[in-house]
Structure formats: C-alpha cells, structure tokens
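Coordinates in review
Residues per chain, in single letters:
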Amino acid sequence: MVGLQPGSIKQELSRLMRRTECMNFTDACTEAQALEQELQDGEVAILSQKVTVPVPRSTTAADLKELLGQIQAVLQTELMGELTKEIMGS
C-alpha cells in the first residue's frame, strides 16, 4: 500500500486486503487497476449505489438526535471491530 495516493482506490484496496488473507502483490495490482478503471468509467455508477434513508415529515429534532446517536453507536461498534481485527491480525 506504500506509494498509493490517499483516496478511494487506496481505501477500497486496503479494505479488500484486510478481508482477503491470501492476496499477493499481483492480485493487489490487478484489483487496483480494476478499481481505477471503474472510476474512469464514470463516478455515476458509484454515486448510484448511495444509500438514502427516508425521513418521515413529522420527524422532530429530538427524533433526529436519537437517530444520530444510534448511527454513531453502530459506526463506533463497526470501527472498533475493524480496528480490533487489524490489531489482532498484525
């Protein structure tokens, strides 16, 4: 991963390498090239995968604050899990 500029390709490749234990240099290069080609083909496809959550019109500020707290808790749990895997795997 050394030498790659920070960005979506490096992030996706890092994620894939963490999840794929037997990935070698050739596989990583091939995947990086494929990711780069996908980005060059147009970011429309990536943007079309964006997940949206419908918010009812009667939502109050308190409801939004509660929802934000739930989202933060889930993200924190997922991040701690990924960090734990990364530390234990090293």
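Residues numbered from 1 in each chain as written. Predicted model: local features only at pLDDT ≥ 70, side-chain atom pairs only at ≥ 80, totals over all residues. Heavy atoms only, no water.

**Details of the overall build of the chain**
Looking only at helices and strands, the chain has 4 helices and 0 strands in total. For the chain, the exposed surface amounts to about 8,000 Å²; the carbon and sulfur share of it is 59%. (Helix = DSSP H or I, 4+ residues; strand = E, 2+ residues; numbered from the N terminus. Areas by Shrake-Rupley, 256 points an atom, 1.4 Å probe, with all protein chains shown as cover.)

**Examining the packing of helix H1 (residues 8-19) against helix H2 (residues 25-40)**
Put simply, H1 and H2 touch, their axes get as near as 10 Å, and they point 140° apart. The angle between H1 and H2 places the two elements in the oblique class. Crossing of H1 against H2: the hand is right-handed. For the pair H1 and H2, contact is made by Ser 8, Ile 9, Glu 12, Leu 13, Leu 16 and Met 17 and by Ala 28, Glu 31, Ala 32, Leu 35, Glu 36 and Leu 39, respectively. Along the lines of polarity and charge, the residues of the contact of H1 with H2 split into 8 nonpolar, 1 polar and 3 charged. (Axes fitted to C-alpha atoms, helices over the stretch in contact; angles between N-to-C directions. Parallel < 35°, antiparallel > 145°, perpendicular 65-115°, else oblique. Left-handed = near helix turned anticlockwise from the far one by under 90°. Contact = heavy atoms within 4.5 Å. Nonpolar A, V, L, I, M, F, W, Y, C, P; charged D, E, K, R; others polar.)

**Here's the deal with the confidence of the model for the chain**
The pLDDT averaged across the chain works out to 77; a share of 76% of its residues lies at or above 70. Across the chain, the element-wise mean pLDDT spans from 53 in helix H3 (residues 44-47) up to 89 in helix H4 (residues 61-89). (pLDDT = per-residue confidence, 0-100.)

**Notes on the environment of Arg 18**
Inspection of the secondary structure puts Arg 18 in helix H1. Separated by 71 residues in the primary sequence, Arg 18 and Gly 89 place their C-alpha atoms 8.8 Å from one another. Contacts of Arg 18, omitting those with residues within four sequence positions, involve Glu 82 and Glu 86.

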